[in-house]
Structures are given as structure tokens and as C-alpha cells.
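Architecture and fold: a report
Listed below are the residues making up each chain.
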Amino acid sequence: MAKILFLAHRIPYPPNKGDKIRSWNFLKHLCGNHEVHAGFFIDDADDKRHLSYLEQHCASVHWAFASPIAQKIASLRAFMTGRSLTEEAYPSVGLRAALKQILEEGVDCIFLYSAASRRFLPDDLNVPILTDFVDVDSAKWEAYAEDTGFPLSAVYGREARKLAQFERNLAKESVASLFASPDEASLFKARLSAKQTSNKVFGIANGVDINKFDPENYPEDQPKSKRIMFTGAMDYAPNVDAVDWFARDIFPQIKDTMAEAEFFVAGRPVAPEVQSLQSINGITIVGGVEDMAAEIARADIIVAPLKTARGIQNKVLEGMAMAKPVVCTSGANEGINAPHETAVCVSDNSVEFANAVVQLLKDPRAAKQMGQNARQFVQRHNSWEAAFKQLDAVIDDALANPVAEVPCGE
């Protein structure tokens, strides 16, 4: 049993967002095998009520509150410090002091969930660091810069460059770098300099809770009426962009052919621009739900029209686990790599996307077969048990070889 300091940029529980699904499952697993001390930020005051639950699992819990607005304001310091916005977004002297004390008492290794959490710690460390980058965030900012007009494109471009440098430096400092899919790990390797190619970079794919997301848990007489559904945190820019594209471009094409079609958006918090889409005929913004599996059970089709996507999309995995046909973009399928037209339908074109949805709505037998194929696919390829085995192997190797292969710094 090792003493591990687990740090995350956001409270890992409850697992109601994509990043928290992965962080919670990893944290829960590590707590079952090691003495784990957790540190994180809380950006939603309602999440404070979950602290007692985390305290039951962890040896100690340390946190600080910073609202999304406070984080955005804090990130502006990056223009004075020369760092990325991401590095400056989590301001807390108190949390850093508490974590420093834990380090002085001694830990066997540090597990960073997201690169941003490195900034919670002192610059000089003599403890092995494992970093779960999850996604190559700098690549996401590059995509934002390409798709956005000036002056935001300049801000996003700066963030992409600064964050890419930070990611490279952290990879040098880390004994292992983890990503949410083999595809994302390969992308990161390609972005490293030649002298970093020996660094240990691993893709550990997200799992899905097959027992929770199981269609057998829900009766067949769930109310349905050509229900199309999108799920996710609806203040996250790629999700907002995806829903806006579907609502304004793809959904009208579907309604022209199938007037009874309805589009539901489930997830919170809801950005104002998403809420405004409810004024469009046939669109319902559900907001937060207690049981996402139950909400998915009510749908005929799950859509994931993401133009910008990194890592593995939990919304796609959950829809597939619920044996629902999923229509998604190639970016949303990246990392999952489910076979097109067998387990999912993949399209980046609005006309083809709309046609795929209509065809599945018109052919329930084909839709059911695709859903069954989808569930079988995630059962084979996306179990948490397989992910935990990979994680344990990385932890064991880090404890046995606690020195990064390349020293930190350029």
C-alpha cells in the first residue's frame, strides 16, 4: 500500500460530468488499494455537500472554492506572468499550504488529474509524479483559434502555444503521462520533441458502468415519440457549439421529413445560449437530471454532433451502453473507434447527419440492431476493470522506478 496525493482541478464527486466520471472512478479505485489524500477545487457551491462522502473514502480531503467567474478573473494574470490561462485559473494560498504540509509529512507519489493541478504544488518536488492529462488540451485551443474570428482567435492561439509548452514540461517531470484514449496518447507523442520520445505515455480508455447504464433496468413502455437526445454539461463550449449546430442546421432538416421528431438536451449547468434554443419548435432543454440512464432510456436516438472533441466522449459510451443507436461526428467517435454503420453512424456533414437520424427513426428494427451492437462493443472494449488493471500497472511501475526519465525544464 502506497501513500498517494491525488489532485484534481475539480471535485471528483459526484460523477455527473465527463471529467468527473474518470476522476471519480480512478480515485475510488486508488482508495481501495492505497492511503489516498485528495486535494481539489470546487466550482459549484452545491458540491460542498458531497465532501463528507469523499472523506469516507480518502485518508484526508483538502479543498478550496473558486466560482467559474473567479477562475476566469484569476486566469487573466497569465497575461502578466507569461503562463497559460489554464495554469493561473486556480487561485488558493490555503489549499497550497495544506498540500505542502502533506508533502512535508511524506508521500510515495503524486497523481495529478489534469495538467492544471500541477500548479497546486511547489515548483521543486522530489516525489514521483503521474499525470493524467486526460486530453491534449492545447490541441483543443488550437481548434478554437482556427474556428474563431479575431480578436478571440489571438487569445486562443496564445493559450494553445503556452499550454503546449506547459504540457511538454510536465511530461518531462512526470514518470508517466496518461490520456483517455490510445488515439490521444499517440497525438501527444507526436507533439513531443525528439528528445522526449522515450517518455512513458499511455492511453487508458474510459470505462462505462455497464450495470448502471443497462437497458434491462428500464421498462419497455417508457414514453417515446421520435425522441432525439444530447447529453452533457451544457456550459462547456464544445457541447454548446454542438447543440447549436444541431438545433439550427440539422434538426430543421429532420423536422421537414419527420414532423413528430423532438430534440431533448439533458445536462447542467445550462448556458443562456442553450436555454434560448427552447424557442425552436420541437426542442426541449431538460437541464439537470437525477438519473441520466433513465433519461437516455426514454430516447430513440442519441446524437453527438461535436465539431471539437478530445479524448473519449462519455455521452457516446453511455448511449451505446444503453443499447441506443448513436449518430455522431468523427471527432466524437475518435478514441472509441466504434465501427461505422455497425455500432454507430458517423458523419461530419449536416445533410448526411440528418439523413442518418431520419433513417434510424424510420427503421426501428435497424435502430435496435445497431443499439445491441453498440452495447456489445462497449462491453468488450470499455470496462472500468480493464482500465484499473492498466492504472495499477502504471502505479506499480512508478513506485518501483520513481525518477522521471527526463528532468523538468527546457
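What comes next concerns the included structure. Computed from a predicted structure; not experimentally measured.

1. A word on unusual backbone geometry
With an omega of 5 degrees, the peptide bond running from Tyr13 to Pro14 counts as cis. Structurally, the position occupied by Pro14 is in the loop between strand E1 (3-8) and helix H1 (18-31). Residues other than glycine seldom take positive phi values, yet Asn337 does so here, at roughly 60 degrees. Since its relative accessible area comes to 45%, Asn337 is described here as partly exposed. With phi around 70 degrees, Glu341 is a residue other than glycine that occupies positive phi space. As for its placement among the helices and strands, Glu341 is situated in the loop between helix H14 (330-333) and strand E13 (345-346). Judged by relative accessible area, Glu341 falls into the exposed class, the value being 58%.

2. Topic: the packing of aromatic side chains
Under the definition given, this model contains 21 aromatic pairs. Where Phe251 meets Phe263, the ring centres are 6.0 Å apart and the plane angle is 40 degrees; that geometry is what we call tilted. Separated by 12 residues along the polypeptide, Phe251 in helix H10 (residues 237-257) and Phe263 in strand E9 (residues 262-266) bring together distant segments of the chain. With respect to burial, Phe251 and Phe263 carry one shared label: buried. Among the aromatic residues, those joined into a cluster by ring pairs are Phe6, Phe26, Phe111, Trp384 and Phe388. Just above the ring of Phe65 sits the side chain of Lys48; from NZ or CZ to the centre is 4.9 Å. Against the face of Phe264 rests Arg227, its NZ or CZ located 3.8 Å from the ring centre.

3. Notes on the nonpolar core
With 67 residues, the main nonpolar core has Ile228, Phe263, Val303 and Met320 as its most contacted residues. No other element matches the 9 residues that H10 contributes to this core. Contacts of Phe263, omitting those with residues within four sequence positions, involve Ile228, Met229, Phe230, Val243, Phe246, Phe251, Gly282, Ile283, Thr284 and Val303. Listed in part, the 37 residues of the second largest apolar core include Leu27, Cys58, Phe111 and Tyr113.

4. Considerations on the sheet that holds strand E3 (residues 60-65)
The strand order across the open sheet built from 7 strands is E3-E2-E1-E4-E5-E6-E7, with neighbouring strands paired in parallel fashion. Taken across any chain shown, the strands that pair with only one partner, and hence form the sheet edges, are E3 and strand E7 (201-203). Within this sheet the neighbouring strands show an average axis-to-axis angle of 15 degrees, counted without direction. Pairing of strand E5 (residues 129-134) with strand E6 (residues 176-179) involves 4 bridges; the strand directions are parallel. In the sheet register, Leu130 faces E6, and the bridge partner there is Ala176. Packed on one face of the sheet, H1 meets E1, strand E2 (35-42), strand E4 (109-113), E5 and E6 and runs near 160 degrees to E4.

Rules and cut-offs
Residues numbered from 1 in each chain as written. Predicted model: local features only at pLDDT ≥ 70, side-chain atom pairs only at ≥ 80, totals over all residues. Heavy atoms only, no water. Helix = DSSP H or I, 4+ residues; strand = E, 2+ residues; numbered from the N terminus. Buried < 20%, exposed > 50% of the residue type's maximum accessible area, 1.4 Å probe, protein only. Phe/Tyr/Trp six-rings, centres within 6.5 Å; stacked < 30°, edge-to-face > 60°. Lys NZ or Arg CZ within 6 Å of the ring centre and 35° of its normal. Core = buried A, V, L, I, M, F, W, Y, C linked by side-chain atoms within 4.5 Å. Contact = heavy atoms within 4.5 Å. Pairing = 2+ DSSP bridges. Axes fitted to C-alpha atoms, helices over the stretch in contact; angles between N-to-C directions.

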